[in-house]
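Coordinate inspection notes
As a plain string of letters, each chain reads:
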Amino acid sequence: MSDDKPSDPHFGEIIGAGVPRIDGPDKLSGRAHYAADQQPAGLTYGYGVFSTIASGKVSQLSVARARRMPGVIEIFHHGHFPKLYRSPSSFAQGNKVEETRLPFEDERIYYAGQFVALVVADTFENARAAAREVDVSYAEDTALANLEQGVAAHGTQRGSGNHSRGDAAAAFDSATRRIDVTYRTPVETHNPMEMHASTAWWERDHLTIFDASQGVVMARNALSKIFAIPPERVTVHAPYIGSGFGSKLWTWPHAVATAAAARELGRPVQLVVPRAQMFTTTGHRPETRQRLRLATDGNGKLVSLRHESINTTSFTDQYVETCGSVTKSLYSCPHLTVSHATTQVNRGTPTSMRAPGAAPGLFALESAVDEMAAEAGVDPLDFRLDNYAERDESKDLDFSSNHIVEATQRAAERFGWAARNPEIGSMRQGRDRRLRHGGVQLGGAQAPVRCAGLAACRRDGVCLLRHPGHWHRHLHHRRPGGERSHRPAAGADHGRTGGLLLSGWPGLRWLLGHGDHAAGDRQGGAGGTGRDEALRHRRQWCLRRGRQRRARGRGGRFAQRRWQTGELCRHPRRRATAAPMAKPTPRGLMHSTPTAPSARTSSRCAGTRASRIYASPAWSAPSMSAG
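This is a predicted model, so every value here is computed, not measured.

This part takes up the nonpolar core. Ranked by internal contacts, the top residues of the largest apolar core, which has 29 residues, are Phe76, Leu84, Leu118, Leu207, Leu223 and Phe227. For this core, the leading source of residues is helix 8 (residues 253-265), giving seven residues. Those residues in contact with Leu207 that lie beyond four places of it in its chain are Ala200, Trp201, Trp202, Leu223, Phe227, Arg233, Val234, Thr235 and Ala259. Grouped together as the second largest cluster of nonpolar side chains are 20 residues, Leu292, Leu305, Leu365 and Ala373 included.

This paragraph deals with the sheet that holds strand 4 (residues 108-109). Across the sheet, which stays open at both edges, the three strands sit in the order 4-2-6 with antiparallel pairing between neighbours. Both outer strands of the open sheet, strand 4 and strand 6 (135-140), are each paired with one neighbouring strand and no more. As defined by bridge partners, strand 2 (residues 56-62) adjoins strand 6 across six bridges and the pair is classed as antiparallel. Within strand 6, the position partnered with Gln60 by the bridge is Ser137.

Spatial strand order, 3-5-1-13-10-11-12: seven strands in an open sheet with mixed pairing. With partners counted over all chains shown, the strands left at the sheet margins are strand 3 (72-77) and strand 12 (234-237), one partner each. Shown here is a sheet whose adjacent strand axes are inclined to one another by a mean of 20°, direction ignored. Of the strands in this sheet, strand 1 (44-50), strand 3 and strand 5 (115-121) touch helix 4 (residues 124-131), which is tilted by about 25° from strand 1. The strands that helix 8 touches are strand 1, strand 3, strand 5, strand 10 (197-203), strand 11 (206-211) and strand 13 (269-272); relative to strand 10, the one it contacts most, it runs at about 30°.

Here the focus is unusual backbone geometry. Although it is not a glycine, Ala355 sits at a positive phi angle of roughly 60°. Mapped onto the elements of the fold, Ala355 is located in the loop between strand 16 (336-344) and helix 10 (358-376). Residue Ala355 is classed as partly exposed on the basis of its relative accessible area of 43%. Positive phi, normally seen in glycine, also occurs at Asp396, with a value near 55°.

Counted by the stated rule, this structure contains 25 salt bridges. The partner of Arg291 in a salt bridge is Asp180, with the nearest N and O atoms 2.6 Å apart. On the criterion of sequence distance, the pair formed by Arg291 in strand 14 (residues 288-296) and Asp180 in strand 9 (residues 177-185) is long-range, its members being 111 residues apart. Arg291 sits in the partly exposed class, given a relative accessible area of 34%. Salt bridges sharing common partners tie together Arg21, Asp23 and Lys27.

Once that is clear, we can look at the packing of aromatic side chains. Summed over all chains, the structure comprises 10 aromatic pairs. Where Tyr47 meets Phe124, the ring centres are 5.7 Å apart and the plane angle is 70°; that geometry is what we call edge-to-face. Taken together, the residues Tyr47 in strand 1 and Phe124 in helix 4 connect sequence positions 77 residues apart. Among the aromatic side chains, those forming a connected cluster through ring pairs are Phe76, Phe81 and Phe104. A cation over an aromatic ring shows up here: Arg263 above the ring of Trp202, its NZ or CZ 5.4 Å from the ring centre. Note that Arg306 overlies the ring of Phe172, its terminal NZ or CZ placed 5.2 Å from the centroid.

Criteria and thresholds
Residues numbered from 1 in each chain as written. Predicted model: local features only at pLDDT ≥ 70, side-chain atom pairs only at ≥ 80, totals over all residues. Heavy atoms only, no water. Core = buried A, V, L, I, M, F, W, Y, C linked by side-chain atoms within 4.5 Å. Buried < 20%, exposed > 50% of the residue type's maximum accessible area, 1.4 Å probe, protein only. Helix = DSSP H or I, 4+ residues; strand = E, 2+ residues; numbered from the N terminus. Contact = heavy atoms within 4.5 Å. Pairing = 2+ DSSP bridges. Axes fitted to C-alpha atoms, helices over the stretch in contact; angles between N-to-C directions. Salt bridge = Lys/Arg side-chain N within 4 Å of Asp/Glu carboxyl O. Phe/Tyr/Trp six-rings, centres within 6.5 Å; stacked < 30°, edge-to-face > 60°. Lys NZ or Arg CZ within 6 Å of the ring centre and 35° of its normal.

What follows is the structure, encoded as structure tokens:
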């Protein structure tokens, strides 16, 4: 393959360049319209009724009282829902869905939070109120709540993604050193900022749906199968999504129910999954149990590796969390076995979540490698460098590129691995492990990391931060819980970086001390000081507290005068000298008239504790543009 630079004149403008997000300004300004922001003419609103048990069946469902609620248009459930068809749910065919079972397909309950009915009304509030009036009775069965219960009840089912080479069992038994360890990981949920939502309508026999989807083509193909119409008669829009982390890759039952209800009513329908059901009906990373057996020869080289994992899945679908997907190729080992299995429990169907399989799998594998290195008496970093694979042994192919050795060595050098205390547990707490602002200290060895920062606080309290230019080792403040941050090391060389303002409690900003404090205190000038800014926000907060107290008939004129004059605190023993009231600039940065504050002002006020407040050098505002 040629190493010549491509002939495209724009190559250097794209590859490796920081390209602005074209959707950034729309999302930040509120111009972006998500799935639940669509407002077609005649829009109606759906709200789900969700099961309150994890296993069993619906024995009785009464909608009489709900139908009498204001604005109710229709109520759908198992006994009143159109006939639909299951999607093949094939990734190869491009019609994969998250849960193959259709909404209201039967009266069985497979997991808590399962859809059992859908109320459609003229407003969201009316739909929600009516949904709470639907009476559902259940015949409850004993639920299988976790992996151990599932394995004990009905064992496991073989999963996909398995791999084997050599004879791992025989090599393990004859090895010089061996470990046999088991790791468990819990359920993790995605819960992105934007909740799952769909807005659908039909024009004759053409379906249009705005869905919170990461894969509109897959959604189109799946809906065409479900409604038995050609893909050309389905249009799926997702111009913006508020994150998904994998949970919005494929179609969920709520989107199917929305489209079906819209066709039955002949009107647009919008359905938003409530936040509580984001934990139950829109997927999760499943629970896993992983057993790893590693063995080495006398020189610390791996001779056997077995990675056997079991993950939970639902009763409606089999989802395999391929925990050993990286194990089979990361380390060089002639005898290796990777196996995956599932066990059914009463939870919703799991789904992909940020590095599916690899995230829990590498946690277990790397933990086992650490334990194997300790058993072999080898430094864990040297153990990895000695055993990294030079080619993909699972496929007997060369890597197209592989820089893991170089990355490992450079990382170890940067944060001072050689200077650490290698004794197990020695750096769990105390002075031997310090996370510093802009750097990490391990066993007394610090690695200066260049970083610089600028901050701009708008009038609405939003703070914009930019990366700094000098390493900073000093951080002084008290958090609301009273936990004190560490003091700087003796003789620390503080780089001047300016002050950072971060949001704390409402109306309050924490000021992190940055730079040469004495020099910063002398700056003042037109740029003002960080101390002035912090005190300004503290005064505003206390004034609001004063108004609240007076509204409740407490405080009196004396308290009012103290808040207005900036004495700030209701406790006489906890007063701080006030700086002149700052004035907002057009960009929202706060400037004040020149002052000569003391280098360190101790202040405590109304539930807020600040052990030190430092003045900061004057600095200019960063640009407000996105990207």
